[in-house]
Amino acid sequence: MTTALDAIAARVAAVRDEITASALRAGRDPSSVRLVAVSKTHPAECVRAAYAAGQRDFGENYVQELVAKREALADLADLRWHVIGNLQRNKARAVAGFAAMVHTVDDAALAAELDRRASAVGRALDVLVQVNVAGESQKSGCAPDALGAVLAAVRGCASLRVRGLMTVPPLGEPAEASRPVFARLRALRDAHGGAEALPELSMGMSHDLDAAVAEGATLVRVGTAIFGARG
Ligand SMILES: *Cc1c(COP(=O)(O)O)cnc(C)c1O
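All of the points below concern the structure found in this document. Along every chain, residues carry numbers that run from 1 in the direction the sequence is written. Predicted model: local features are reported for residues with pLDDT of at least 70 only, side-chain atom pairs are reported and counted for 80 or more only, and whole-chain, interface and lining totals are derived from all residues. Note that the side-chain values use all heavy atoms of the structure and ignore hydrogens as well as water.

So, on to the overall build of the protein chain. In this text, helices come from DSSP runs of H or I with a minimum length of four residues, and strands from runs of E with a minimum of two, each type numbered from the N-terminal end. Regarding its fold elements, the protein chain presents ten helices and eight strands. Radius of gyration: over C-alpha atoms. The globule rule applied is 2.2 Å multiplied by the number of residues raised to the 0.38 power. The C-alpha atoms of the protein chain give a radius of gyration of 17 Å, which matches the 17 Å a tight globule of 231 residues would have. Considering only C-alpha atoms, the protein chain reaches an extent of 45 × 40 × 30 Å along its principal axes. Within the protein chain, buried positions represent 50% of all 231 residues. Every residue pair with non-hydrogen atoms within 4.5 Å of one another is taken to be in contact. Within the protein chain, contacts between residues at least 6 apart in sequence are counted, and of these 62% link residues at least 24 apart. Three labels apply to residues, based on accessible area from a 1.4 Å probe with only protein chains included: buried if under 20% of the type maximum, exposed if over 50%, partly exposed otherwise in between.

See the structure below:
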């Protein structure tokens, strides 16, 4: 169930505390981990409540829902929208003009379309390449073997800035199962130019953010722990 509006501020603070504790345990600067609050399926009022608590980065999976929420919250000028769901090429235009970051670029064709749409509105768009680390058949994300080619394609797009990598571990597994997946994403980053070329690692959700921070996450995508369960 969606968290009551007046409880959202406390939930945001609790997740921030959890990130800080995880970072300190890992010997990392807590400010090197950014919280992306995943608001999919929860109403715009919930986003507004988290915003009032100081949260600025929000993630959405579905373009139609994202566009509607963005309109409802247009008065919050410094709110940053992250696209974290599988993005179809014919939806690139709808997000290229305003997204702070697209986490889910996984092939050259999607990169080219985002580039075309971002260039048409004269902006540079930050993107991450999503990697299907665990090799699940039905999952989006490029295969680890294809990462070099996808990165080369994205780097060839004048209006895209590749900032790093993103992954989603197999769903329904305990947090301990996520850790090797996160370690693998970091190893892939190190094999493809390291932190200088790819500073961002988007990994970790409500149940496994501690493991993600331990493995170097710079963006954690947290929904349930802030907004409650989704219908
Ligand atoms: C829904 C979603 C999240 C948030 O998951 P929670 O378990 O609710 O924290 C993070 N990342 C992606 C890609 C998602 O689809």
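Taken together, the neighbourhood of the ligand is formed by 13 residues, with Lys40, Asn61, Ser206, Gly223 and Thr224 sitting nearest. At 2.5 Å from an oxygen atom of the ligand is found a side-chain nitrogen or oxygen belonging to Thr224. Definition of a polar contact: a pair of N or O atoms within 3.5 Å, with one able to donate and the other able to accept a hydrogen when the atoms are protein atoms, and with sequence-neighbouring residues admitted only if both atoms are side-chain atoms. Between the ligand and Arg230, the relevant distance is 2.8 Å, taken from an oxygen atom to a side-chain nitrogen or oxygen of the residue. For every accessible area listed, the method is Shrake-Rupley and the probe measures 1.4 Å; residues are considered covered only by the protein chains on display. Compared with its free state, where it exposes 390 Å², the ligand has 88% of that area covered by protein. In this analysis, the protein atoms alone were mapped onto a 1 Å grid. Cavities are point sets where a 1.4 Å probe fits without being able to get out; pockets are open sets with protein on both sides within 12 Å along at least five of seven lines; lining residues have an atom within 4 Å of a point. Should more than half of a molecule's atoms lie within 2 Å of a pocket's or cavity's grid points, that molecule is taken to sit in it. Its atoms largely coinciding with the cavity grid, the ligand occupies the largest pocket. Residue classes follow a fixed rule: Ala, Val, Leu, Ile, Met, Phe, Trp, Tyr, Cys and Pro count as nonpolar, while Asp, Glu, Lys and Arg count as charged, and any other residue, Gly among them, counts as polar. Residues of the shell around the ligand, tallied by class, amount to six nonpolar, four polar and three charged. Put simply, a residue is near a molecule or strand once any heavy atom of it comes within 4 Å of that molecule or strand.

In this structure, the largest pocket encloses a volume near 540 Å³. Around the largest pocket sit 23 residues that line it, and Lys40, Asn61, Val168, Leu171 and Met205 are the ones nearest its centre. Grid points are joined across faces, edges and corners, and a volume is the space filled by probe spheres set on the points.

To continue, consider helix H3 (residues 63-72). Of the positions making up H3, those classed as buried are Val63, Leu66 and Lys69. Down the axis of H3, the buried set is contained in an arc of 130°. They therefore lie on one face. Away from its buried face, by an angle of more than 90 degrees, H3 presents the exposed residues Gln64 and Glu71. Elements that come into contact with the buried residues of H3 comprise helix H2 (44-52), strand E2 (57-60), strand E3 (80-83) and helix H4 (92-96). Throughout, the arc means the angular range of directions from the helix axis out to the C-beta atoms.

Right, let's talk about the packing of helix H1 (residues 5-25) against H2 for a bit. For helices, the fitted line uses only the C-alpha atoms of the stretch in contact; every axis is such a line through C-alpha atoms, and the angle between N-to-C directions lies from 0 to 180 degrees. Where H1 contacts H2, the axes come no closer than 8 Å and their chain directions differ by 45°. Between H1 and H2, the angle is such that the two are oblique. Note on packing geometry: the crossing formed by H1 with H2 is right-handed. Within the contact between the two elements, H1 uses Leu5, Ile8 and Val12 and H2 uses Glu45, Cys46, Ala49 and Ala50. Here the residues of the contact of H1 with H2 are counted per class, giving six nonpolar, no polar and one charged. When describing relative orientation, an angle under 35 degrees is termed roughly parallel and one over 145 degrees roughly antiparallel, while 65 to 115 degrees is termed roughly perpendicular and anything else oblique. Crossings are sorted by hand: turned counterclockwise from the far helix by less than a right angle, the near helix makes the crossing left-handed, and turned clockwise it makes it right-handed.

A few words on the environment of Asp190. Tracing the sequence through the fold places Asp190 in helix H7 (residues 175-191). Exposure remark for Asp190: the relative accessible area of 48% places this residue in the partly exposed category. Once the C-alpha coordinates of Asp190 and Asp57 are considered, the two residues, 133 residues apart in sequence, prove to be 26 Å apart.

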